[in-house]
Amino acid sequence: QVQLAESGGGLVQAGGSLRLSCAASGIGYNIYSMGWYRQAPGKQREMVATITTIGSTNYADSVKGRFTISRDNTKNMMYLQMTTLNPEDTAVYYCAAGLNVFSWQYWGPGTQVTVTP
């Protein structure tokens, strides 16, 4: 079983950057696709970015060109580099793991990202 823990969230001004990390523990990390999702107050959870076991990535249109997802299988880590942040990026960010990008079996507890104008 995989357990996930996000870190790196915080308060940042518009135009700033943050780097989120997701630490995975448990066996079989290398077989899982990984993803970042976010949920803003009053809104549904939405996909931000995903990365497969072989490094193929996909991004939401709203973050393309600003966010970069990556993973380090040697450290059981996944990252989300976020640049040019704007207040619309304010949300709780969750990392997820699944056997494919259409089915997520595991979720982290989330980390808050707040972007001020």
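Look up a bit, the structure's there.
Note that this is a predicted model, so its numbers are computed, not measured. (Residues numbered from 1 in each chain as written. Predicted model: local features only at pLDDT ≥ 70, side-chain atom pairs only at ≥ 80, totals over all residues. Heavy atoms only, no water.)

**With respect to unusual backbone geometry**
- With a phi angle near 55°, Asn76 is a residue other than glycine that sits in the positive phi range.
- Mapping Asn76 onto the fold places it in the loop between strand 7 (67–72) and strand 8 (77–82). (Helix = DSSP H or I, 4+ residues; strand = E, 2+ residues; numbered from the N terminus.)

**Description of the sheet that holds strand 7**
- Read across the open sheet, the four strands follow the order 1-3-8-7; overall the sheet is antiparallel. Each edge of the open sheet is held by one strand with a lone partner, namely strand 1 (3–7) and strand 7. The mean angle between the axes of side-by-side strands here comes to 15°, regardless of whether they run parallel or antiparallel.
- Judged from the six bridges that link them, strand 3 (residues 18–25) and strand 8 form a sheet pairing that is antiparallel. Across the sheet, the residue bridging to Ala23 is Met77, located in strand 8. (Pairing = 2+ DSSP bridges. Axes fitted to C-alpha atoms, helices over the stretch in contact; angles between N-to-C directions.)

**Side note on the pattern of salt bridges**
- Enumeration over the complete set of coordinates arrives at four salt bridges.
- Here Arg38 makes a salt bridge to Glu46, at a shortest N to O gap of 2.7 Å.
- Look at Glu46 and you get partly exposed, because its relative accessible area is 35%.
- In this structure, the salt-bridge partner of Arg38 is Asp89, at a minimum N-O distance of 2.9 Å. In this pair, Arg38 sits in strand 4 (residues 33–39) while Asp89 sits in the loop between strand 8 and strand 9 (91–98), placing the two residues 51 residues apart along the sequence.
- Assessed through its relative accessible area of 5%, Arg38 is described here as buried.
- A relative accessible area of 1% means that Asp89 is categorised as buried.
- Several salt bridges converge on common partners, so that one network encompasses Arg38, Glu46, Arg66 and Asp89. (Salt bridge = Lys/Arg side-chain N within 4 Å of Asp/Glu carboxyl O. Buried < 20%, exposed > 50% of the residue type's maximum accessible area, 1.4 Å probe, protein only.)

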